[in-house]
Amino acid sequence: MAGTLYIVPTPIGNLGDLSPRAVETLRSVGLIACEDTRHTQKLLNHFGIKAELISYHEHNEQQRSAELVRKLESGISVALVSDAGTPAISDPGVPLVRAAHDAGIQVISLPGPAAFVAAEAASGLGTDAIFFGGFLPSRPGQRRKRLRECAEIPATLVFYESPHRIAASLADCLAVFGDRQASISRELSKLHEETLTGKISDLIKKFDAKAKGEFVLVIDRGKSKTAMAEKDTPDLKERVNALEAEGLSPREALKKAAKEAGISRSEAYRLMHIDGE
Ligand code: SAM
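Keep in mind that what you see is a predicted model, and the values were worked out from it rather than measured.

The next point concerns the site of the ligand. Close contacts around the ligand come from 19 residues, with Ile89, Asp91, Tyr160, Leu188 and Phe215 the closest. Within the backbone of Ala115, an N or O atom sits 2.8 Å from an oxygen atom of the ligand. A distance of 3.5 Å is found between a nitrogen atom of the ligand and a backbone nitrogen or oxygen belonging to Glu187. A total of 570 Å² of accessible area belongs to the ligand in isolation, and the protein chains cover 90% of it. Mapped onto the shell around the ligand, the elements with two or more residues apiece are strand S7 (156-161) and strand S10 (215-219). Grouping the amino acids of the shell around the ligand by side-chain chemistry returns 10 nonpolar, 4 polar and 5 charged. Inspection of the shell around the ligand shows a minimum of three residues originating in each of domain 1 (4-109) and domain 2 (115-222).

In structure tokens:
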């Protein structure tokens, strides 16, 4: 019988966050695939777990995946861990998980620490729709391009960021998104954990290029162009009325007001009749 691939999240700071089920799984499998064998060995030592380790990191994950699938097919169960948090979330793992599915291997994902989930929950920002953007590009031009792509996404935006880029990324966020509400969670589950909230311009004042720690940046959902136009609907109605009072026909007044608002005539008509009036 084939083995099972277990995805095992490990603590992002506080060792108390390794769940009893994760400990049990790490004890029971035949092999643990990990980013850094020395790092994972320390974790295993802390919990008194004896296991065989094999390295699985960004530079060998394609080739290792095939090797690990052969082990799984031979009946050995494998646990996949990364240095911290949930494997495959901005960490190595995707090729192995995909290869396991392709080979018909059972994949079991243990819920556990993931920095972006903890940060989103602590942000106080909307959770009905969340976009996780992973790491922003390090080069300023590419970063702004990515942020522009994200600007219209109707969801709270979550990004991972390194300490030496947090200040520059906040400045780019302000330039691209405007002064939205935001939150920064630093050092989650560690001694100096903090979550700061405010406008992006408030947060910029608190972090400079010498900032330290690990960061998750959460940005409030922006208003879509339609939502902004909807907010301006009373103005649109007033403008149409004023143009009609100046002698324009209702059709001409609507056309002119729509042009001034930068939207199509049909969109202006829809917005003005949004309440069924
Ligand atoms: N797989 C991990 C997870 O599930 O969150 C993410 C790994 S990614 C290589 C590392 C990034 O996650 C850091 O640069 C930081 O943005 C975020 N991160 C990890 N641990 C964190 C912590 N304790 N507090 C805040 N952010 C953290």
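Glancing now at the sheet that holds strand S8 (residues 181-186). Hydrogen bonds along the backbone pair up the strands of a sheet, which may run parallel or antiparallel. Spatial ordering of the open sheet is given by S6-S7-S10-S8-S9, a layout of 5 strands whose pairing is mixed. The open sheet has two free edges, formed respectively by strand S6 (130-135) and strand S9 (194-199), since each of these has just one partner strand. Strand-to-strand twist of the sheet, defined as the mean angle between neighbouring strand axes without regard to direction, takes the value 15 degrees. Bridge count between S7 and S10: 5 bridges; the pairing is antiparallel. Bridge assignment links Tyr160 to a residue of S10, and that residue is Val216. Contacting S6, S7, S8, S9 and S10, helix H5 (residues 115-123) runs over the sheet at an angle of about 50 degrees to S10.

This next bit is on the side chain of Thr156. Along the polypeptide, Thr156 turns up in strand S7. The class for Thr156 is buried, based on a relative accessible area of 2%. Here Gly126 takes part through its backbone oxygen, which lies 2.7 Å from a polar atom of the side chain of Thr156. With residues near it in sequence (within four places) discarded, Thr156 still touches Glu120, Leu125, Gly126, Ala129, Ile130, Phe131, Val218, Ile219 and Arg221.

Quick look at the confidence of the model for the chain now. In this model, the chain carries an average pLDDT of 93, and 94% of its residues clear a pLDDT of 70 or more. Element-level pLDDT for the chain is lowest in helix H9 (residues 225-231), with a mean of 56, against a maximum mean of 99 in strand S1 (residues 4-7).

As for its placement among the helices and strands, Arg165 is situated in the loop between S7 and helix H7 (166-177). Remark: the alpha-carbon pair of Arg165 and Thr37, spanning 128 residues in sequence, is separated by 28 Å. Other than its neighbours up to four places away in sequence, Arg165 contacts Ser138 and Arg143.

The next thing to look at is the domain arrangement of the chain. Assigned domains of the chain: these are domain 1 (4-109), domain 2 (115-222) and domain 3 (226-272). A straight line from the C-alpha centre of domain 2 to that of domain 3 covers 37 Å.

How each quantity is defined
Residues numbered from 1 in each chain as written. Predicted model: local features only at pLDDT ≥ 70, side-chain atom pairs only at ≥ 80, totals over all residues. Heavy atoms only, no water. Near = heavy atom within 4 Å. Polar contact = N/O pair within 3.5 Å; in protein donor to acceptor, adjacent residues only side chain to side chain. Areas by Shrake-Rupley, 256 points an atom, 1.4 Å probe, with all protein chains shown as cover. Helix = DSSP H or I, 4+ residues; strand = E, 2+ residues; numbered from the N terminus. Nonpolar A, V, L, I, M, F, W, Y, C, P; charged D, E, K, R; others polar. Domains from an automatic or database assignment. Pairing = 2+ DSSP bridges. Axes fitted to C-alpha atoms, helices over the stretch in contact; angles between N-to-C directions. Contact = heavy atoms within 4.5 Å. Buried < 20%, exposed > 50% of the residue type's maximum accessible area, 1.4 Å probe, protein only. pLDDT = per-residue confidence, 0-100.

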